[in-house]
Protein chains: 2
Amino acid sequence: MTGKIYSASTTAPVNIATLKYWGKRDTKLNLPTNSSISVTLSQDDLRTLTTASAAEFFDCDKLWLNGKEESVEGNRIRACFAELRAVRKVLESANPELPALSSYHLHIVSENNFPTAAGVASSAAGFAALVRAIANLFELPQSPEELSRIARQGSGSACRSMFGGYVAWDMGQSDDGSDSRAVQIATQEMWPDMKSVILVVSASKKETSSTVGMQTTVNTSSLFKYRAEVLVPQRFKEMSEAILAKDFETFGRLTMMDSNQFHAVCMDSSPPIFYMNDISRLVVGLIETVNKIYGRVVAAYTFDAGPNAVLYYLEKDEPIVLGLLKAVMPDVDGWNKKPNTASITPTVPEGVDQRAFPALAAGVSRIILTSVGPGPQPTDEILINDDGLPK
Amino acid sequence: MTGKIYSASTTAPVNIATLKYWGKRDTKLNLPTNSSISVTLSQDDLRTLTTASAAEFFDCDKLWLNGKEESVEGNRIRACFAELRAVRKVLESANPELPALSSYHLHIVSENNFPTAAGVASSAAGFAALVRAIANLFELPQSPEELSRIARQGSGSACRSMFGGYVAWDMGQSDDGSDSRAVQIATQEMWPDMKSVILVVSASKKETSSTVGMQTTVNTSSLFKYRAEVLVPQRFKEMSEAILAKDFETFGRLTMMDSNQFHAVCMDSSPPIFYMNDISRLVVGLIETVNKIYGRVVAAYTFDAGPNAVLYYLEKDEPIVLGLLKAVMPDVDGWNKKPNTASITPTVPEGVDQRAFPALAAGVSRIILTSVGPGPQPTDEILINDDGLPK
């Protein structure tokens, strides 16, 4: 059975928090215990592409991720579908000439331009793309801020992927989550010389999922409440100001401190949660040493709920940062993706202990060289065929 | 040149904190930012033996540790010498017939019954033995509590090695440190079925010294102050009560929580301090799993400023704890030191993931099977010859 299929596509970016989201005050609505800040990474290197389509002849809602059909029975996806259909329905009620898309089933096809093996969490980009694609399909007038409230219900940090550049997730105060949404602090053009490198570290075992980990921390860490209520609000203000002032020294210092504090409250949980491993710690040691040698923050590290390191640095320091990484791991997969890095000279600053280099080279499986980028972008690329199935 | 040599010897034990000392409010006097609790380990397995001698013909103060002459110019040793001489001098003034030992130079010879390679910090036992040996030589009437104030100035945690069993170090309030001393919570006889195992983990690199690490944490961790001022006082009370009630469940739970929180505030420091490594974390995972399987605290782990794990458990659970360790690391050095463990059957409880076993077996270099023991013991074994030199 076929018929008219309405479709719209979008891309959406990955974001990496520099002030960490950890802990929910409402697990159903994904309402956080503290505000957070992130940097949106370039979609040239990491993005999700999603097509949303609706047709009267579709029998049920369906979703394909990276070529594999996935369940749409989860509460999080259902919440996003329901919210988006509700706002579409308002439009349809106001204008009866509009097709009744809110009553049609949806087919969603989503693909990442990076392999799962890259170890980069994709749920933020995935839910941002899902919400943005359906909003495009439904021609919703809602602002990205308003849509971020919906994406938040899919995956907390997805709300921050609704924007490019430097993004804050305001935790909000309301019980219904109506004021818990993302806002842009600054565009990527405002601070364009920010660069990023992801060092993908092979994990030997499955980590605690962040959903489970967060609630373990909320329920058991006695340091956590103090962090969320007392320390983060102050740090949030300082980091927002550092971004607006393009003060990399402060931004980088706070980024590293907040990553360490996030992993500290994980460790203070019962049972303790460890996301960083020995390789992660060698990366920390390397960056701390380089910063000490130069007497300033040349690069800042941050670690999410896993062992991968994400580094931020300014373009002017590329010879130092990439020069060192090239000396440490000249053969790691990833340099080949950026031909312009061929000219970078492997350089080890005097004072760097090279004994950790072999372990680092062996422990990092991939390097992703990237930068700060924009938010979701509409695209004409449609992933669904005339039968409403993945192309 | 020779003449009459006055000598006295003592042994002193190692102690392992279960409520951690981390941070000084006065670095010169070794005054801590919070009270702490420790368990004194049996001297059959780990002890320092020290002879203190004094003679009119000695030219200067001298110290030999494990056969090697060491400097006595450090402020910490000098402080101990000065305090002990001052109290001796009071005795001599009251009784002119006493030899004027307070005016003689001291020769100190100290030996551990465990190799440095065991990775067990020996400064606590070392300073406790030094102070106790000189106090014996000087025939000082001061109580162990009073002497613990002096040992504290040598090495903070040394004050706790002045007692056996279960020991508290009361942080005190005075600026001069006069009320910062150790007190015994309970003797080893009061809770005799407590056992301990140390898993010595090979460290690949030199760790941050605890003196440096503590002050980095005090100066930079925003979680630290909250721990020291708000959380530790409550935990101190709970752990003291658990020891007096022989409530292993509470004692063990608090011990694990406090170890994790200590390492959490280390990680929250700038630069972050990491003492635990991947092997340490595998031990944590193993013990947490076993406790979960049995639905109670079978064993409790704690980690000091290094990767070694110290486990506490009750004798009745020896088949579970040692049975599991024997299954994981049957060939590790240490079983052979306790012939009675030959009868322990290697046993892996259902539900324990055995994939980590090879890494654990490779990463643990030695196992020390021990128990709770008494404080310093006088001994007739003299390590100094008639020339005042090490035998």
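First, a word on what this report is: a plain description of the structure on this page. (Residues numbered from 1 in each chain as written. Chains lettered and ligands numbered in written order. Predicted model: local features only at pLDDT ≥ 70, side-chain atom pairs only at ≥ 80, totals over all residues. Heavy atoms only, no water.)

Turning to the packing of aromatic side chains, a few remarks are in order. All names here are of chain A. Overall, the coordinates contain 25 aromatic pairs over all chains when judged by the stated rule. Consider the rings of Trp 191 and Phe 251, whose centres lie 5.6 Å apart with planes at 70°: the pair is edge-to-face. Of this pair, Trp 191 sits in the loop between β11 (181-186) and β12 (194-201) while Phe 251 sits in helix α6 (residues 248-267), and the two are 60 residues apart along the sequence. Judged on exposure class, the residue Trp 191 and its partner Phe 251 are both buried. One aromatic cluster in this structure is built from Tyr 166, Trp 191, Phe 248, Phe 251 and Tyr 312. Just above the ring of Tyr 6 sits the side chain of Lys 4; from NZ or CZ to the centre is 4.6 Å. (Phe/Tyr/Trp six-rings, centres within 6.5 Å; stacked < 30°, edge-to-face > 60°. Helix = DSSP H or I, 4+ residues; strand = E, 2+ residues; numbered from the N terminus. Buried < 20%, exposed > 50% of the residue type's maximum accessible area, 1.4 Å probe, protein only. Lys NZ or Arg CZ within 6 Å of the ring centre and 35° of its normal.)

The next subject is the sheet that holds strand β2 (residues 15-19) of chain A. Two pairing modes exist for strands in a sheet, parallel and antiparallel, and in both the strands are linked by backbone hydrogen bonds. All names here are of chain A. Read across the sheet, four strands follow the order β2-β5-β10-β11 without closing on themselves; strand pairing throughout is antiparallel. Each having just a single partner strand, β2 and β11 make up the two edges of the open sheet. On average, each strand axis in the sheet is inclined to that of its neighbour by 35°, with strand direction left out of account. Relative to β11, strand β10 (residues 166-170) runs antiparallel, the two sharing five bridges. Opposite Asp 170, over in β11, you have Arg 181 as the bridge partner. Sitting on the sheet, α6 touches β2 and β5 (36-40), and the angle it makes with β2 is about 95°. (Pairing = 2+ DSSP bridges. Axes fitted to C-alpha atoms, helices over the stretch in contact; angles between N-to-C directions. Contact = heavy atoms within 4.5 Å.)

This part covers the pattern of salt bridges. By the definition in use, this model includes 44 salt bridges over all chains. For B:Asp61, the salt bridge is made with B:Arg78, and the minimal N-O distance between the two is 3.4 Å. Of this pair, B:Asp61 sits in the loop between β6 (47-55) and β7 (62-65) while B:Arg78 is found in helix α1 (residues 75-94), placing the two residues 17 residues apart along the sequence. Residue B:Asp61 is classed as buried on the basis of its relative accessible area of 9%. A salt bridge links B:Arg366 to B:Asp333; the shortest N-O distance between them is 3.8 Å. Taken together, the positions of B:Arg366 in strand β15 (residues 364-371) and B:Asp333 in the loop between α8 (318-328) and α9 (357-363) put the pair 33 residues apart, joining distant regions of the chain. B:Arg366 sits in the buried class, given a relative accessible area of 18%. Connected via shared salt-bridge partners are A:Asp61, A:Glu73, A:Arg78 and A:Arg85. (Salt bridge = Lys/Arg side-chain N within 4 Å of Asp/Glu carboxyl O.)

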